[in-house]
Amino acid sequence: MRGISVFLTLVLVSRVHGFDGWGNQSEAGVSGRKNPCSFSAWGRPLCVGLTLIQSAASKGALCMDGSVPAYHLHSGFGSGANSWVVVLEGGGWCNDVASCNGRKYNHRGSSKYFEHEIPFEGILSNKQNENPDFYNWNRVKVRYCDGASFTGDTYNTGGLYFRGQRIFEAAIEELMSKGMRYANQALLAGCSAGGLAVVHHCDEFAAFFPRDRRVKCLADAGMFLDAVDVAGRRTLRSFFNGVVRLHRSAHTLSTTCTSRMDPTSCFFPQNVIPNIKTPLFILNTAYDAWQVLESLATSRSDRQGLWTKCKSNHALCNGNQIQFLQGFRNQMLNVLSGFSKSRQNGMFINSCFAHCQSERPETWYAGNSPQIGNKRIATAVGDWFLDRSEIKDVDCAYPCDGTCHHLL
């Protein structure tokens, strides 16, 4: 039967702070391949080398350990030679000195630990049968090493650089010098913490281009909600408050938002998207697996372990737990109700227990990838970006969708 649920065993790195588990679902640890550039069920992926942004040092655009940021670029060809996809990497956040200091010694906070090459799959693939609309574009992945979704601009006396805003600017300026200034169309994308970064930088990205160019943004799994957890607390708000304060993100966030709300509220995308002027596509699961695990039913909020089975397998959730999760879905749809009324915006909200779907070949455009109304995610995004049709796809509530690739 097509669309049988795929259950993946997730190895989560448990941390009291930092949410440093599986923020970026395109990584090898989640795909299950020890060597992400080796053969997989989809063949050998294109692997793209690392480029350090040497000019970033003079601009103070540094990773948390003081190393320069970096990106991976595969040049476009044919009809896509003047089109660009820029993907901002995800990977959680850090909200105190201890958790941020830990990132200095891995690829979340230092380019010294970046892989020399990474696979380009999903929206980054160069194969037309895997990525029909963007396969021959210039495709870029900007690495993530600031810990605050490319926001913030300060320096900690303990030797930590919080320069996310400068890193974003330096990366885009570098790409403009590499030919992106000639682009006739460009898409800023990202998943998880990278998807949140897209929300915060969408209008800023568009401002780099002349107004007659087609420039849009895609936020995948970036709709982190200011939600109440199973204990009645706002776990994610408390965490994001620490991120915003430590990284001093307030002055790099939307002034339209911060002029009427506190900075922590303006870190949540629900309070930013109403004022984004650039066309934006929201790709998200209604039952975001990361938020279920790390925001709604954490070990701290579920001290009796009543959610343990449900978190390991959604099929083991009881009626009250499903009702709670349906409430989370309803909150997401309510947040997006105004957003969806704009013709220029798009959305694909499927009723799956997953997180990040644009960089995974099995969820982007595979034969058995998730669908709403017989339309796969890659097709929906392509139709929206290229103005072939309006896309405002919202799935029916769980458990009606048989095409999901569940992570719970």
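Heads up: these notes are all about the structure in this document.

The rules behind each value
- Residues numbered from 1 in each chain as written.
- Predicted model: local features only at pLDDT ≥ 70, side-chain atom pairs only at ≥ 80, totals over all residues.
- Heavy atoms only, no water.
- Axes fitted to C-alpha atoms, helices over the stretch in contact; angles between N-to-C directions.
- Helix = DSSP H or I, 4+ residues; strand = E, 2+ residues; numbered from the N terminus.
- Parallel < 35°, antiparallel > 145°, perpendicular 65-115°, else oblique.
- Contact = heavy atoms within 4.5 Å.
- Buried < 20%, exposed > 50% of the residue type's maximum accessible area, 1.4 Å probe, protein only.
- Lys, Arg positive; Asp, Glu negative; His and termini not counted.
- Salt bridge = Lys/Arg side-chain N within 4 Å of Asp/Glu carboxyl O.
- Polar contact = N/O pair within 3.5 Å; in protein donor to acceptor, adjacent residues only side chain to side chain.
- Core = buried A, V, L, I, M, F, W, Y, C linked by side-chain atoms within 4.5 Å.
- 1 Å grid on protein atoms, 1.4 Å probe; cavity = no way out; pocket = protein on both sides within 12 Å on 5 of 7 lines; lining within 4 Å.
- Points joined across faces, edges and corners; volume = space filled by probe spheres on them.
- Nonpolar A, V, L, I, M, F, W, Y, C, P; charged D, E, K, R; others polar.

One can describe the packing of helix α7 (residues 289-296) onto helix α9 (residues 319-337) by two numbers: an axis separation of 12 Å at closest approach and a directional angle of 110°. The angle between the axes of α7 and α9 places the two elements in the roughly perpendicular class. Residues Gln291, Val292 and Leu296 of α7 pack against Phe324, Leu325 and Phe328 of α9.

Note that Asp65 resides in the loop between β1 (46-52) and β2 (70-74). For the buried Asp65, which has no salt bridge, the nearest side chain bearing the opposite charge is Lys112, at an N-O separation of 4.1 Å. Here Ser67 takes part through its side chain, which lies 2.6 Å from a polar atom of the side chain of Asp65. At 2.6 Å, the side chain of Asp65 forms a polar contact with the side chain of Ser110.

With that settled, consider the nonpolar core. Ranked by size, the top nonpolar core spans 85 residues in total, and within it Trp93, Met180 and Phe205 carry the most contacts. For this core, the element with the most residues is helix α4 (residues 193-206), which contributes eight residues. Residues within four places of Phe205 in sequence aside, it is in contact with Val86, Phe168, Ile172, Met180, Ala186, Leu187, Leu188 and Val215. Core analysis: the next-biggest nonpolar cluster, separate from the first, contains 26 residues, Ile123, Leu187, Ala189 and Ile372 among them.

Glancing now at unusual backbone geometry. The amide bond that connects Tyr398 to the next residue, Pro399, takes the cis arrangement and shows omega of 15°. With respect to the helices, strands and loops of the structure, Pro399 is situated in the segment after β14 (392-394). One non-glycine residue with positive phi stands out, namely Ser149, at about 55°. Inspection of the secondary structure puts Ser149 in the loop between β5 (138-142) and β6 (154-156). With a relative accessible area of 0%, Ser149 lands in the buried category. Positive phi is not limited to glycine here, since Ser192 has a value of about 60°. One can find Ser192 in the loop between β8 (185-191) and α4.

A full pass over the atoms with the stated rule returns 20 salt bridges. Between Asp226 and Arg237 there is a salt bridge; the shortest N-O distance is 3.0 Å. In this pair, Asp226 sits in the loop between β9 (214-220) and α5 (235-247) while Arg237 sits in helix α5, placing the two residues eleven residues apart along the sequence. Look at Arg237 and you get partly exposed, because its relative accessible area is 23%. Ionic pairing is found between Lys392 and Glu390, a salt bridge with its closest N-O pair at 3.4 Å. Assessed through its relative accessible area of 45%, Glu390 is described here as partly exposed.

Let us look at the environment of Gln165. Along the chain, Gln165 falls in helix α3 (residues 164-177). Measuring from C-alpha to C-alpha, the distance between Gln165 and Ser265 comes to 18 Å, with 100 residues separating the pair along the chain. Polar contacts involving the side chain of Gln165 include one to the side chain of Glu169, which spans 2.8 Å.

Turning our attention to empty space enclosed by the protein. Evaluated as defined, the whole model comprises one cavity of 30 Å³ or more. Its volume calculated, the largest cavity comes out at about 60 Å³. As for the largest cavity, its lining consists of twelve residues, and the residues nearest its centre are Pro45, Phe120, Glu121, Lys127 and Glu130. By residue class, the composition of the lining of the largest cavity is five nonpolar, three polar and four charged.

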